[in-house]
Amino acid sequence: MAGAARGRRCRGAVLLLLAASVLAPLVLYGRFPVSPLPDSAGTGAFDRGDGSGSNLVWPHMAASEVSLAKDLTIERLGEHKNRVLSATDDWQAVEVARSHPSEKKIDTWEDPASRDAHQVVAVGNDSAQSTQDDMIKEVVSTDGRADGFRDPGDSKEAEEQDGQGMDEKELQDATELEHKDGSGASENNIAGTDTAGNLTLSLNKESAADTSSDQTTHASTNADLATSASSTYHSATSPDATIRIIKDQLIRAKTYLGVLASRGNHGTAKELRARMKDIQRALGDATDDGMLRQNVHGKIKAMEQTLGRIKRMHDGCSGAVNRLRTSLHSTEERLQSHRKDANYLAQLAAKSLPKGLHCLPLRLTNEYYSSNSNNKDFPNTEKLEDPELHHYAVFSDNVLAAAVVVNSTLVHAKKPANHVFHIVTDRLNYAAMKMWFLANPLGEAAVQVQNIEEFTWLNSSYSPVLKQLESSSMIDYYFGSGKARPGENPKFRNPKYLSILNHLRFYLPEIFPKLNKVLFLDDDTVVQQDLSALWSMDLKGKVNGAVETCGESFHRFDKYLNFSNPLIASNFDPHACGWAYGMNMFDLSEWRKQNITDVYHTWQNLNEDRLLWKLGSLPAGLVTFWNHTFPLDRSWHLLGLGYNPNVNEKEIRRASVIHYNGNLKPWLEIGLSKYRKYWSRHVNYDQVFIRECNINP
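What counts, and where the lines are drawn
Residues numbered from 1 in each chain as written. Predicted model: local features only at pLDDT ≥ 70, side-chain atom pairs only at ≥ 80, totals over all residues. Heavy atoms only, no water. Helix = DSSP H or I, 4+ residues; strand = E, 2+ residues; numbered from the N terminus. Buried < 20%, exposed > 50% of the residue type's maximum accessible area, 1.4 Å probe, protein only. Contact = heavy atoms within 4.5 Å. Pairing = 2+ DSSP bridges. Axes fitted to C-alpha atoms, helices over the stretch in contact; angles between N-to-C directions. Parallel < 35°, antiparallel > 145°, perpendicular 65-115°, else oblique. Left-handed = near helix turned anticlockwise from the far one by under 90°. Nonpolar A, V, L, I, M, F, W, Y, C, P; charged D, E, K, R; others polar. Salt bridge = Lys/Arg side-chain N within 4 Å of Asp/Glu carboxyl O. Disulfide = S-S within 2.5 Å. Polar contact = N/O pair within 3.5 Å; in protein donor to acceptor, adjacent residues only side chain to side chain. Patch = residues over 30% accessible without salt bridge, like charges linked within 9 Å, V, L, I, M, F, W, Y side chains within 5 Å. Areas by Shrake-Rupley, 256 points an atom, 1.4 Å probe, with all protein chains shown as cover. Lys, Arg positive; Asp, Glu negative; His and termini not counted. Charge placed at Lys NZ, Arg CZ, Asp CG, Glu CD. Phe/Tyr/Trp six-rings, centres within 6.5 Å; stacked < 30°, edge-to-face > 60°. Lys NZ or Arg CZ within 6 Å of the ring centre and 35° of its normal.

A.B. asks: I'd love a proper account of the overall build of the protein, names of residues and values included.
C.D. replies: The helix and strand tally for the protein stands at 25 helices and 10 strands. Evaluated residue by residue, the protein yields a buried proportion of 44% over its 697 residues. Summarising the internal contacts of the protein: among those between residues at least 6 apart in sequence, 74% fall at separations of at least 24.

As structure tokens, then:
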């Protein structure tokens, strides 16, 4: 009702102003111009100026006074015109906002009332010959068109009263005013003076009323537009506003549910779960608010009440922070525990042997001893001690791994006849290793398989490693249930680091007394290019030719050695570059001259209690070959395929030797599958023993 009343008042003000703007030019520019000049007696009489003494204006007075009246009236009409347009625009915006609440661009709608109001004023000023009835009809029709945008919620009766009743009243007032103006001016000057005075007074009153109406209209319009704009924004841009509220409630409910469970508040937790089920059922698969059920608002309210009650039950921010810190600390402890378990399982998997690799040496050993052949020697034995040939040393108890090293080397060798392979294994795998190379001959290349048990000179009185292996404390540490120190990595307890096969690389001059150079290869390497150039390389008087690994900070000496020990700190640089074992060119002549084996023995004896380093052969090699290592180009030897999943593919293809150092060996199921192809391409899976043991790529 208040909105309808405001609309009626606004339209009334508009009609009055329009009527004034129409009638004023008729008064000024009609057939009987009148000037409101009072006489000296204050009676309002005017002289005609013809000397008859009638009440009309003198000729010399009429022109100036009429001009002044015209200027003042035109100025006032301009002000009224602006207020008319402003009031019409505001009123029309309100009507549009009411009748079209879903429209976004209210301000871009074309206002017909404003356009027609301009036309009315223009007609009133420029066309004095048009009749007054036509102008009044146009005012009525303009108001009717503007009223066509009425709020559809209004009743028909209110529309008739508002659109017709007001229009008839304003029309009657305007007609009476027009009649007085026209007829009074023609009959006598007194009537004309009264009409002009009434017009001026009416304009003043209308100006004050228009100002008040204009302010009221602006205030109501702004309020209505703000409400309409807010409603329009939410309805147009947020069709899923209710769904967002529901999802927000579910997120908060899940958070509170975890807190309630931790604090033992099971009753409230049960209630919260029930609220969550209700609101989830109400939400269903809805993607916009129109798809929601009718009772969803009640469930939202109930959920909000429950969440508010739970929020009031809890502590402030300090309590929440303390609980989060406790939870974080507990999570970190569990994470550390899981990491230890994962590390232990990884070490266990690395030490395990797949069924196929366990089957293969058994089948080969059985074949070796069941064979009736009396000739179990390899051909080309004359090459074994020829120092002019290219000699390789491979120490392994893994038949298939050693076979891949030999096969990959010969595939890429330019002159296979110049290559000689010396394989040393333990007593358990000696027959299997020998049978493999007897069943798979190398052609013109020479191969030698030796049993470490046949090295009679390698005993505990000569080798510190063998002496340490015989001690009860060492046996308990590596093979028994001895407890490791807190925080100690379980890989330190791997017996392979104390295995004599792992330390046999420090006895190369004793194993090959007639050779000058030997290229040492680990059994987890794959050769991808011809390596003949290494034998002609000048090591500058150094004993060991190796690729340095100081590209990363953890490959420096302080990673492997205990620099808190004064013996280590006084002899080595913690920032010195480490180098890689796995592909090493050893100059045995220089080795013998510099007595490197004794250096190794000295440091191994000093580390009997494992206080200088933890791991097996690499730290021992760092201290043994300190200042005796010649750096090779990095392309000769690429590391990381046994632990790093991000090795660059281009570097792999460019490397002469790739190394699967780490626990993820290519023959194990835990190996990195993306790198296994480089290793498996050198395995003949059609070979009878491999096929019988179900070894597959």
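A.B. asks: Give a detailed account of the sheet that holds strand β10 (residues 657–659), specifying residues and quantitative values.
C.D. replies: Sheet strands line up and pair through hydrogen bonds in the backbone, either parallel or antiparallel. Here three strands make up an open sheet; going across it, the order is β5-β10-β9 and the pairing mixed. In this open sheet, the two edge strands, each paired with only one partner strand, are β5 (525–527) and β9 (637–638).

A.B. asks: Describe in detail the packing of helix α8 (residues 266–283) against helix α9 (residues 296–313), supporting the description with residues and values.
C.D. replies: Interaxial distance between α8 and α9 falls to 10 Å at its minimum, and their mutual angle equals 155°. Taken together, α8 and α9 sit at an angle that is classed as roughly antiparallel. Where α8 crosses over α9, the two elements pack in a sense that is left-handed. On the side of α8, the interface is formed by T268, E271, L272, R275, M276, D278, I279 and A282, while α9 contributes V296, K299, I300, A302, M303, T306, L307, R309, I310 and M313. Partitioning the contact of α8 with α9 into residue classes produces 11 nonpolar, two polar and five charged.

A.B. asks: Can you explain the pattern of salt bridges? Please cite residues and give values.
C.D. replies: Scanning the model with the defined rule gives 11 salt bridges in all. When the shortest N-O distance is used, the salt bridge between D522 and R505 registers 3.4 Å. Residue D522 is located in the loop between β4 (517–521) and β5, and its partner R505 is located in the loop between α16 (500–503) and α17 (508–511); the two are separated by 17 residues in the primary sequence. Per residue, the accessibility class of D522 equals that of R505, and both read buried.

A.B. asks: Account for the sheet that holds strand β8 (residues 629–632), with residues named and values stated.
C.D. replies: In spatial order, the strands read β3-β2-β1-β4-β7-β6-β8; together these seven strands make up an open sheet with mixed pairing. With one partner strand each, in any of the chains shown, β3 (446–451) and β8 form the two edges of the open sheet. Ignoring which end each strand starts from, the neighbouring axes of this sheet average 25° apart. Each of β2 (419–425) and β3 touches helix α13 (residues 430–439); the most contacted strand, β3, lies at about 170° to it.

A.B. asks: Describe the environment of G356, and please don't skip the residues or the numbers.
C.D. replies: Tracing the chain through its elements places G356 in helix α11 (residues 355–370). Overall, G356 belongs to the buried group, its relative accessible area being 12%. Taking C-alpha positions, G356 is 8.9 Å from E692, a pair spaced 336 residues apart along the chain.

A.B. asks: Could you give me a rundown of helix α22 (residues 617–624), with the residues and numbers involved?
C.D. replies: A large share of α22 lies buried, amounting to seven of its eight residues. Those residues of α22 that sit buried are S617, P619, A620, G621, L622, V623 and T624. On its buried side, α22 packs onto α16, α18 (557–560) and α21 (596–606).

A.B. asks: Can you break down the state of the cysteines residue by residue, with the values?
C.D. replies: Across all of its chains, the model carries two disulfides by this definition. Put simply, C359 and C693 are joined by a disulfide, and their sulfur atoms are 2.2 Å apart. Taking the sign of the torsion about the S-S bond as the criterion, the disulfide between C359 and C693, at about -70°, is left-handed. Remark: C693 occurs in the segment after α25 (688–692) and C359 occurs in helix α11; sequence separation between them is 334 residues. Note on C693: relative accessible area 7%, which makes it buried. Here C550 pairs with C577 through a disulfide, and the sulfurs are 2.0 Å apart. Classification of the bridge connecting C550 and C577 rests on its S-S torsion, roughly 75°, and on that basis the disulfide is right-handed. Of this pair, C550 sits in the loop between β6 (544–547) and α18 while C577 sits in the loop between α19 (566–569) and β7 (583–587); the two residues are 27 residues apart in sequence, bridging distant segments of the chain.

A.B. asks: Tell me about the environment of D573, and name the residues and values.
C.D. replies: Within the secondary structure layout, D573 lies in the loop between α19 and β7. For the pair D573 and F563, spaced 10 residues apart in the sequence, the C-alpha separation amounts to 9.0 Å. Polar side-chain contacts of D573 include one of 3.1 Å to the backbone nitrogen of H575.

A.B. asks: How would you summarise the pairing of β6 if you had to cite specific residues and measurements?
C.D. replies: The alternating pattern of β6 places N544 and A546 and G545 and V547 on opposite faces, both of which are buried. With two bridges joining them, β6 and β7 adopt antiparallel strand pairing. Within the sheet, the bridge partner assigned to N544 lies in β7 and is F586. Relative to β8, β6 runs parallel, the two being bridged by four bridges. Bridge pairing in β8 places A546 opposite P631.

A.B. asks: Residue-level account of the side chain of K434, with values.
C.D. replies: Within the secondary structure, K434 sits in helix α13. A distance of 3.3 Å separates a polar side-chain atom of K434 from the backbone oxygen of K376. Residues in contact with K434, not counting those within four places in the same chain, are Y368, K376, D377, F378 and V449.

A.B. asks: Give a detailed account of a positive patch on the surface, specifying residues and quantitative values.
C.D. replies: A contiguous patch of positive charge, built from K650, R653, R654, K674, K677 and R681, is present on the exposed surface. Those elements that place two or more of their residues in the positive patch are α23 (649–654) and α24 (673–680). Relative to the assigned elements, K677 resides in helix α24.

A.B. asks: Please set out the environment of E385 residue by residue, giving values where relevant.
C.D. replies: With respect to the helices, strands and loops of the structure, E385 is situated in the loop between α11 and β1 (390–395). Separated by 129 residues in sequence, E385 and K514 place their C-alpha atoms 6.1 Å apart. Not counting residues up to four positions away in its chain, the partners in contact with E385 are H391, K514 and L515.

A.B. asks: Explain α13 residue by residue, including any values.
C.D. replies: Counting buried positions over the 10 residues of α13 gives eight, a clear majority of the element. Taken together, the buried positions of α13 are occupied by Y430, A431, A432, M433, K434, M435, W436 and F437. At its buried positions, α13 is contacted by α11, α12 (399–412), β2, β3 and α25.

A.B. asks: Give a detailed account of the packing of aromatic side chains, specifying residues and quantitative values.
C.D. replies: Within the structure shown, the criterion is met by 24 aromatic pairs. Summarising the aromatic geometry, the rings of Y392 and F421 are spaced 4.8 Å apart at their centres and angled 15° between planes, so their arrangement reads as stacked. Residue Y392 is found in strand β1, and its partner F421 is found in strand β2; the two are separated by 29 residues along the sequence. For Y392, a relative accessible area of 0% gives the class buried. With centroids separated by 5.1 Å and ring planes inclined at 70°, the aromatic side chains of Y392 and W535 adopt a geometry described as edge-to-face. Placement of the pair is Y392 in strand β1 and W535 in the loop between β5 and β6, with a sequence separation of 143 residues. We note that Y392, like W535, is buried. One cation-aromatic arrangement involves R505 over Y581; the distance from NZ or CZ to the ring centre is 4.6 Å.

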